[in-house]
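What follows is each chain in one-letter form.
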Amino acid sequence: MFDVVTEWAFHIHLIMAISWIGGSVFMFILGVSLRDKKAQQEVYPHVGPIFGWFEVVALISLLSSGAVLGMKYSLFPLLFNDNGTPISHALNMKLTLVIILTIATVVHFIIAYQTNGKQRTRTEQILSRGSSMLILLLNLFVMHYAIVLRNIL
């Protein structure tokens, strides 16, 4: 039974990771290409909340399925007792990046949700755009360490 659950967890993890990273790239390209303030005000209030709630579901799915996969492959002892091996290093790097990514996502989501359709303060603007850029960059590094882990396993 556990093998069926872990098989599903792997597929869910992969699909959610593809969706998460694809959505992140899409939102970045949308943000870069919509230079006109009026166009941004027309698009973001509609697209942002849809992506934001998807983002929450995807993040919860990724964290949950990642925990299941960590148990399946007995990765938690390696994670918490770094033995200097490539897998320990990759696990620690990925977990650190995922923690930062989760915090950046929460910050971005809260600001975006509270200011949707409203004028943002300069601080909110900087935090929102900064966390968005950080999320995009961290996604690429998390994906790198996911590939490293998959190659080792």
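Residues numbered from 1 in each chain as written. Predicted model: local features only at pLDDT ≥ 70, side-chain atom pairs only at ≥ 80, totals over all residues. Heavy atoms only, no water.

Helix and strand content of the protein: 5 helices and 0 strands. Taken from the N to the C terminus, the helices and strands of the protein come in the order α-α-α-α-α. A principal-axis box enclosing the C-alpha atoms of the protein has dimensions of 50 × 30 × 25 Å. Expressed as a percentage of its 153 residues, the buried residues of the protein come to 33%. The contacts in the protein between residues at least 6 apart in sequence include a share of 74% that link residues at least 24 apart. (Helix = DSSP H or I, 4+ residues; strand = E, 2+ residues; numbered from the N terminus. Buried < 20%, exposed > 50% of the residue type's maximum accessible area, 1.4 Å probe, protein only. Contact = heavy atoms within 4.5 Å.)

With 31 residues, helix 5 (residues 122-152) extends 45 Å from end C-alpha to end C-alpha; this agrees with the ideal 45 Å at 1.5 Å per step. Buried within helix 5 are the following residues: Gln125, Ser128, Ser131, Ile135, Leu136, Leu138, Asn139, Val142, Tyr145 and Leu149. (Expected span 1.5 Å × (residues − 1).)

Mapped onto the fold, Lys72 is located in helix 2 (residues 37-72). For the pair Lys72 and Pro45, spaced 27 residues apart in sequence, the C-alpha to C-alpha distance is 41 Å.

Take the packing of aromatic side chains next. Inspection of every chain in the model, using the stated rule, returns 5 aromatic pairs. Note on Trp53 and Phe109: the rings are 5.1 Å apart at their centroids and 80° apart in plane angle, and the pair reads as edge-to-face. Taken together, the positions of Trp53 in helix 2 and Phe109 in helix 4 (residues 86-115) put the pair 56 residues apart, joining distant regions of the chain. Taking the relative accessible area as the measure of exposure, Phe109 reaches 18% and is therefore buried. Arranged with centres 5.9 Å apart and planes meeting at 10°, the rings of Phe109 and Tyr113 form a pair that is stacked. Residue Phe109 and its partner Tyr113 are located together in helix 4, separated by 4 residues, close to a single helical turn. (Phe/Tyr/Trp six-rings, centres within 6.5 Å; stacked < 30°, edge-to-face > 60°.)

This paragraph deals with a positive patch on the surface. Taken together, the side chains of Arg35, Lys37, Arg122 and Arg129 present a region of like positive charge at the surface. By secondary structure assignment, the location of Arg122 is in helix 5. You can call Arg122 exposed: its relative accessible area is 64%. (Patch = residues over 30% accessible without salt bridge, like charges linked within 9 Å, V, L, I, M, F, W, Y side chains within 5 Å. Areas by Shrake-Rupley, 256 points an atom, 1.4 Å probe, with all protein chains shown as cover. Salt bridge = Lys/Arg side-chain N within 4 Å of Asp/Glu carboxyl O. Lys, Arg positive; Asp, Glu negative; His and termini not counted. Charge placed at Lys NZ, Arg CZ, Asp CG, Glu CD.)

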